[in-house]
Amino acid sequence: VTSYKIYAGTSATGLVFLTTTTTNKFVRTSLTNGTTYYYQVSAVNSAGEGNKSDVVSSTPQSPLNKQISMSIPAALPG
C-alpha cells in the first residue's frame with residue numbers, strides 16, 4: 001500500500017473523495033458537533049485503487065473540539 005483514499009459525506013450514500021493520505025491515521029477538523037459524518041477508505045498501490053471499505057460513521061460531540069480521528073486497519077479489501 002502506498003496511500004489511502006478517503007471518501008466522506010453526511011449521508012451513507014453518495015460519499016465523495018475527500019483526501020489522500022500516506023499514513024494509516026487521519027484527523028478531520030472543523031466539523032459540526034452533533035452532525036453524523038460517514039466515511040469509506042480504499043488502499044492504493046502500484047496496481048491502482050482497491051475496493052472501498054464498508055461505510056463507517058462518527059458524530060463529534062462537545063467538548064471534542066469538532067474533530068474526528070480514525071485509524072485505518074492494515075487489512076482493507078483489494
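Definitions and cut-offs
Residues numbered from 1 in each chain as written. Predicted model: local features only at pLDDT ≥ 70, side-chain atom pairs only at ≥ 80, totals over all residues. Heavy atoms only, no water. Salt bridge = Lys/Arg side-chain N within 4 Å of Asp/Glu carboxyl O. Helix = DSSP H or I, 4+ residues; strand = E, 2+ residues; numbered from the N terminus. Buried < 20%, exposed > 50% of the residue type's maximum accessible area, 1.4 Å probe, protein only. Phe/Tyr/Trp six-rings, centres within 6.5 Å; stacked < 30°, edge-to-face > 60°. Lys NZ or Arg CZ within 6 Å of the ring centre and 35° of its normal.

Enquirer: Explain the pattern of salt bridges to me, please; I cannot follow it from the model alone.
Expert: Pairing between side chains of opposite charge can happen when their charged atoms approach one another. On inspection of all chains with the given rule, the structure shows one salt bridge. K5 is the salt-bridge partner of E49, the closest N and O atoms lying 3.6 Å from each other. Here K5 lies in strand 1 (residues 3-9) and E49 lies in strand 5 (residues 48-52), a separation of 44 residues in the sequence. Residue E49 is classed as partly exposed on the basis of its relative accessible area of 37%.

Enquirer: What am I meant to see in unusual backbone geometry here?
Expert: Its identity as a non-glycine residue notwithstanding, S30 has a phi of 60 degrees, on the positive side. As for its placement among the helices and strands, S30 is situated in the loop between strand 3 (25-28) and strand 4 (37-45). S30 gets classed as exposed once you look at its relative accessible area, which sits at 70%.

Enquirer: Is there a simple way to think about the packing of aromatic side chains in this case?
Expert: The way to describe two aromatic rings as a pair is by their centre distance and the angle between their planes. Here the structure, examined in full by the defined rule, presents one aromatic pair. Seen in terms of ring centroids, Y7 and F17 are 5.8 Å apart; in terms of plane orientation they differ by 70 degrees. Their pairing is edge-to-face. Linking Y7 in strand 1 with F17 in strand 2 (residues 16-21), this pair joins segments that are 10 residues apart in sequence. Stacked on the ring of F17, the Lys or Arg K5 has its end atom at 5.9 Å from the ring centre.

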